[in-house]
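Reading the structure
Letter by letter, the chains look like this.
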Amino acid sequence: MAEMGKGVTAGKLASNVQKRLTRAQEKVLQKLGKADETRDAAFEEMVANFNKQMTEGTKLQKDMKAYLVAVKTMHDASRRLQDCLAEMYEPDWFGKEEMDTLIEEMIEKEMDNNLEDTDTLWLDYHQNIMDKSMTTLDSYLTQFPDIKARIAKRDRKMVDFDSARHHFNSLQKGKKKDEAKIAKQAALLEMAAPSWAQGLISAHQVAQTNLSFNQAEEELGRAQKIFEELNVELQDELPALFDNRVGVYVNAFQSLAGHQEKFHGEMSKLSQNLNDIMTKLEEQRELKKAGTAEAKTGEGAKSEETNHSESASSPPKSAVTNGSDDKLPPGFLYKVKAIHEYAATDADELELKIGDVVLVLAFDNPDEQDDGWLLGVQESHWLQNKDISVKGVFPENFTQKV
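Let me sum up the structure you'll find in this document.

What counts and how
- Residues numbered from 1 in each chain as written.
- Predicted model: local features only at pLDDT ≥ 70, side-chain atom pairs only at ≥ 80, totals over all residues.
- Heavy atoms only, no water.
- Helix = DSSP H or I, 4+ residues; strand = E, 2+ residues; numbered from the N terminus.
- Buried < 20%, exposed > 50% of the residue type's maximum accessible area, 1.4 Å probe, protein only.
- Contact = heavy atoms within 4.5 Å.
- Areas by Shrake-Rupley, 256 points an atom, 1.4 Å probe, with all protein chains shown as cover.
- Salt bridge = Lys/Arg side-chain N within 4 Å of Asp/Glu carboxyl O.
- Core = buried A, V, L, I, M, F, W, Y, C linked by side-chain atoms within 4.5 Å.
- Pairing = 2+ DSSP bridges.
- Axes fitted to C-alpha atoms, helices over the stretch in contact; angles between N-to-C directions.

Secondary structure assignment for the chain yields 6 helices and 5 strands. Expressed as a percentage of the 402 residues in the chain, the buried residues total 26%. The contacts in the chain between residues at least 6 apart in sequence include a share of 70% that link residues at least 24 apart. Split by element, the accessible area of the chain, about 27100 Å² in all, is 54% carbon and sulfur.

Under the defined criterion, the tally for this structure stands at 10 salt bridges. Here Arg154 and Asp155 are joined by a salt bridge, their closest N and O atoms 3.5 Å apart. Owing to a relative accessible area of 34%, Asp155 belongs among the partly exposed residues under this scheme. With a shortest N-O distance of 2.7 Å, Glu379 and Lys335 are connected by a salt bridge. Taken as a pair, Glu379 in helix α6 (residues 379–385) and Lys335 in strand β1 (residues 332–338) lie far apart in primary sequence, 44 residues in all. Relative accessible area serves as the criterion here: at 18%, Glu379 is assigned to the buried category. When its relative accessible area of 30% is taken as the criterion, Lys335 is described as partly exposed. Connected through shared salt-bridge partners, Asp146, Arg150, Glu233 and Glu237 make up one network.

Turning to the nonpolar core, a few remarks are in order. Among the nonpolar cores identified, the biggest contains 28 residues, and Phe50, Phe144, Ile147, Ile151 and Leu238 are the most heavily contacted of them. Of all the secondary structure elements, the ones that give two or more residues to this core are α2 (41–88), α3 (101–141), α4 (143–192) and α5 (200–313). With 9 residues, the single largest contributor to this core is α5. With residues near it in sequence (within four places) discarded, Leu238 still touches Phe43, Met46, Val47, Phe50, Ile147 and Ile151. Counting residues in hydrophobic clusters, the runner-up holds 9 residues, among them Val336, Leu350, Val360 and Leu374.

This part takes up the sheet that holds strand β5 (residues 399–401). Strand order in the open sheet made by the 5 strands is β4-β3-β2-β1-β5, with antiparallel pairing throughout. Of all strands in the sheet, those bounded by a partner on one side alone are β4 (392–395) and β5. For this sheet, the mean inter-axis angle between neighbouring strands, taken without regard to orientation, is 50 degrees. Note that strand β2 (residues 357–361) and strand β3 (residues 373–378) share 4 bridges and pair antiparallel. Counterpart to Val358 in the pairing with β3 is Gln378.

Tracing the sequence through the fold places Asn231 in helix α5. According to the relative accessible area criterion, Asn231 is buried, its value standing at 10%. Excluding anything up to four places from it in sequence, Asn231 contacts Asp40, Phe43 and Arg154.

Within the secondary structure, Gln53 is located in helix α2. On the basis of relative accessibility, which here comes to 1%, the residue Gln53 falls in the buried class. Residues in contact with Gln53, not counting those within four places in the same chain, are Tyr140, Phe144, Leu241, Phe242, Arg245 and Tyr249.

Structure, rendered in C-alpha cells:
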C-alpha cells in the first residue's frame, strides 16, 4: 500500500474527502432550493470592495514596476548619450596647439563633472522611488493573499454550517416520527421477549435516536462557532483595509511626485550646465575663427602695402583709354563676365547671358549713372563690328570682374 505523506493520516485524508463531498452535496441542494443558504449582503459588498481593491493595487504595483523599468531604460539611454558626447568632445576639433589650453582643460573638467552628476542623479531617483513608493505598495499588497485565503475559508465554513444546520433540522423534524415507530416496534418486541428484558429494548432504541440528535446538535454548534469567529474577524478587517487604500495611494504618489520634482529640478540645473558648456564651446570656435580672420587680414595688409609701394615706383596709367588702341573702344574701363542671365526691359539696357564678356565704358555724363548699374558693350560685338552704338546699361551684381 502506498505510504501516506508526512503528517497526513488515512483518517485525516478520509475526513477531508468526506467534508468536500458534504459541501458539494450541500451546494447542490442549495442551488436546487432544497436547503437554506446563509446570505450576508453587507459582507458580500465588503468582499466585492476587497476584490476591487486588490485588482487596483496589483495594477498599480505592475505599472509602478513598469515606470521603474522605464526610468532605468531612460537612465541607460541618457548615459549612452552622455558617453557619446564625451567621446565626441575632443580638443583636436579646433586645434589643441592654437587654442588656449587652460580654457580647454577647464571645459573638459566641467564636462566630466556634469556627466558624473547626471549619472548619480538618475541612480538616486531610481533608488528613491524603489525605497519609498515601491516598498509602500509591496507592503500594502502583502496583506491580500492571507485575507483572500481567509475569505475562502470563511465561505467553506459557511457551507459546513449550512450543512450542519440542515442536517440538524432534518433530524429534529423526523424525531417525532422516529419516536412513534420506536414505540410500536418496541411494544411488539417486548411482547415476545422474556419478562426480565421488557423495557430494555425500548430504552436502547430511544438512546440511539437521542445520540444521533445530540451529535448533530454538537456538530452544528462547532460549525457555527468556527464560521462566526471568521466572519466577525473579517467584518472588522475588510472595512479597515478598504479605508486604508486612500492613505497608501496618497503616500505612494506624494513620494513619487516629490522625487520627480527634485529630480527634474536638479536635472534642469545640469542641463543648464551642459548648455553653458556648449556655449563656451561655441565661443571657443568663434575665437578661433576671429584669430584666423585677423591673421588673414594682416597678410592682406602686407600684400596691399607691397603692391602700393610697387605702384608708387611705376609711372601712373590712365584708367580710361582714349581709344587710341583700336582693340578697345573709347572710354573703356575694364572687363566683366556675366554670372547670371539678365533680360533687358528697356531699349537702353544690355541683355546678358551667363558667360558673356562685357567691356565696361565710362558714362558720357557721370550724373546719369545709377548706383549698382554699369554701361558697356558686348566684347564679341565690338571685336566683330567695332561699333559701340549698341552699348547699354546692366546691373553690376549680375557680373564679376575678369
